[in-house]
Amino acid sequence: MDKKLLFLDCDPGVDDAVAILLALASPEAEVVGVSAVGGNVPLERTLRNALDIVAFAGRPDLPVYPGAKMPMTGALITAEDFHGTDGLGGVPIPQSTAQPQAEMAWDAIHRLAKANPGLLTVVATGPLTNLGIALTKWPDLAGLLKEIVIMGGASAYGNTTPAAEFNFLADPEGAEAVFQSGASITVLPLDVTHKCYVNCEEIAQLRSQATPQANFAAEMMDGGRVEQCEQWFGVSGSIMHDPAAALYALHPQLFTAKTCWVGVETGGVHSRGKMVTDAFTDASLTANCRLCYDVDRAGFVSALLSLMERY
Ligand code: BDR
Ligand code: CA
C-alpha cells in the first residue's frame, strides 16, 4: 500500500495537537514535515508546541519548520480564551530538546512538493499565512501539490466575529490567496467541524486507553472545553475542528462534500474574513474546491479512538 504523503501546517492549539497525534499514528500516512504559524498563540509558542507534540508522538526526528509570525496584513489575532496562554489548555507535555529547522515553512513545502510531484497533501489547520506565502512565492506549487485540506471558514456564521471563523479572520488575505491559487482544495468549515465533536462518554473511552498520549488528548478535550463548546456553540462535546481535517486527509469517505467556488472576504465592515460560497452555483463561478458539509460522526469518533489506541 502506498502511504499518503502529508505535511501538517498548524498553530497548536489543543485541536491542532490532537490532529498531529492522529496523523502521526496512522499506518496509512507518512508525515514528511510539520510547520507552525502564529495563530491560536504567538509563533514562538506554536513552534515549541509542534516540536513537543511530534516528540511526544514518538517522532522527535520529524522536521518542524518555522512559519509566519504575523498575517499577510494587519495584526496578529490569537485565541488564548479557548486554548490557554500555552496553547495546550494548560495540559502539561514533556519538553523536547529538538530544535526547529532553519528552512522556512513556505520553502520546505515547495521543496517537498517538487520532490514528490502530485503526491503531497498539505493539511492546513491554522491561519493560511504560510501557504499563502508559499503559493505566491512559488507559482508552480499549486500544480505540484496533490491537495490542500483546510480547516477554516463557515458558510453562515462565525466563531470569532458574527461573520468569520478564527483561521480565516486571522489572515483573510492568506486564505484568499490559497483559494484563488488553482491548487486542488478541500475545505472543512464550521458547518461540518461542529458535527465533529467528542462527547463526555467518548472522552472517557479515550482516557481508558491509559497511554500518556490518550490522557493528554483527553485532558485537552475536557478541562472546561466541553462546557465552553456547549455554552458558546450549543455543541454537546469537545469540538475537534482540526482532527476533522486530518481525518479527511486519511479517510475522506467519512465526509460529504460538494464542489463549488469559495472566496474569502478581505474587505468589509462586518464581514472581513468571511467565507463566501457559490454553493448553489447561483453565480456560476468556476468551482475551486470541495466544500465539506457533513460527516459520519460515529465513524469520525471511531477513527479517532482507533488511531489514538495505536500509542
Ligand atoms: C480553528 O481555530 C482555532 O482556534 C482552532 O485550532 C481551529 O483550527 C477553529 O475555528
Ligand atoms: Ca488550529
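See the structure shown above.
Residues numbered from 1 in each chain as written. Chains lettered and ligands numbered in written order. Predicted model: local features only at pLDDT ≥ 70, side-chain atom pairs only at ≥ 80, totals over all residues. Heavy atoms only, no water.

Caption draft 1: The overall build of the chain, seen in detail. In terms of regular secondary structure, the chain is built from 14 helices and 12 strands. Over its C-alpha trace the chain gives a radius of gyration of 18 Å, about what one expects of a compact globule, namely 19 Å for 311 residues. Projected onto the principal axes, the alpha-carbon positions of the chain cover approximately 50 × 40 × 40 Å. Counting only residues that meet the buried cut, the chain has 59% of its 311 residues in that class. (Helix = DSSP H or I, 4+ residues; strand = E, 2+ residues; numbered from the N terminus. Rg over C-alpha atoms; globule rule 2.2 N^0.38 Å. Buried < 20%, exposed > 50% of the residue type's maximum accessible area, 1.4 Å probe, protein only.)

Caption draft 2: Broad picture of the coordination of the calcium ion (ligand 2). Looking at the metal site, the calcium ion (ligand 2) is ligated by Asp11 (OD), Asp16 (OD), Asp16 (OD), Thr125 (O) and Asp242 (OD), spaced 2.2 to 2.6 Å from it. Mapped onto the polypeptide sequence, the residues donating to the calcium ion (ligand 2) form the spacing pattern D-x4-D-x108-T-x116-D. Accessibility expressed as a relative area gives 0% for aspartate 11, which makes it buried. For aspartate 16, a relative accessible area of 0% corresponds to the buried category. (Donors = N, O, S within 2.8 Å, 3.2 Å for Na, K, Ca; no water.)

Caption draft 3: Local environment of the packing of aromatic side chains. Enumeration over the complete set of coordinates arrives at 6 aromatic pairs. Grouped by ring-pair contacts, the aromatic residues Phe82, Trp232 and Phe233 constitute a single cluster. Geometry around tyrosine 293 places lysine 258 over its ring, the cationic atom sitting 5.2 Å from the centre. Arginine 297 extends its terminal NZ or CZ atom over the ring of tyrosine 197, reaching a point 4.1 Å from the ring centre. (Phe/Tyr/Trp six-rings, centres within 6.5 Å; stacked < 30°, edge-to-face > 60°. Lys NZ or Arg CZ within 6 Å of the ring centre and 35° of its normal.)

Caption draft 4: Focus on helix 8 (residues 172-179). Of all 8 residues that make up helix 8, 6 are buried, and the element is covered over most of its length. Regarding helix 8, the residues found buried are Pro172, Glu173, Gly174, Ala175, Val178 and Phe179. In this fold, the buried residues of helix 8 make contact with helix 5 (129-137), strand 5 (147-151), helix 7 (166-170), strand 6 (185-188), strand 10 (262-264) and strand 12 (289-295). (Contact = heavy atoms within 4.5 Å.)

Caption draft 5: Spatial organisation of the site of ligand 1. Neighbouring ligand 1 are Asp15, Asp16, Asn40, His83, Thr125, Met151, Asn159, Glu165, Phe166, Asn167, His241 and Asp242. Threonine 125 places a main-chain nitrogen or oxygen 3.0 Å from an oxygen atom of ligand 1. Here asparagine 167 contributes a side-chain N or O atom positioned 3.0 Å from an oxygen atom of ligand 1. Burial of ligand 1 by the protein chains amounts to 95% of its free accessible area of 280 Å². Comparing atom positions with the cavity grids shows ligand 1 to sit within the largest pocket. For the shell around ligand 1, the per-class residue count stands at 2 nonpolar, 6 polar and 4 charged. (Near = heavy atom within 4 Å. Polar contact = N/O pair within 3.5 Å; in protein donor to acceptor, adjacent residues only side chain to side chain. Areas by Shrake-Rupley, 256 points an atom, 1.4 Å probe, with all protein chains shown as cover. 1 Å grid on protein atoms, 1.4 Å probe; cavity = no way out; pocket = protein on both sides within 12 Å on 5 of 7 lines; lining within 4 Å. Sits in = over half its atoms within 2 Å of the grid points. Nonpolar A, V, L, I, M, F, W, Y, C, P; charged D, E, K, R; others polar.)

Caption draft 6: Here's a closer look at the environment of alanine 102. As for its position among the elements, alanine 102 is in the loop between helix 3 (80-83) and helix 4 (105-115). Residues alanine 102 and valine 64, 38 residues apart in the sequence, show an inter-C-alpha distance of 9.4 Å.

Caption draft 7: Inspection of the packing of helix 1 (residues 14-25) against helix 14 (residues 297-308) at higher detail. Contact geometry of helix 1 with helix 14 gives a least axis separation of 9 Å together with a crossing angle of 70°. When the axis of helix 1 is compared with that of helix 14, the two are roughly perpendicular. Crossing hand, helix 1 versus helix 14: left-handed. Here helix 1 contributes Leu21, Leu22 and Ala25 to the contact with helix 14, which in turn contributes Leu304, Leu307 and Met308. Across the contact of helix 1 with helix 14, the residue classes tally to 6 nonpolar, no polar and no charged. (Axes fitted to C-alpha atoms, helices over the stretch in contact; angles between N-to-C directions. Parallel < 35°, antiparallel > 145°, perpendicular 65-115°, else oblique. Left-handed = near helix turned anticlockwise from the far one by under 90°.)

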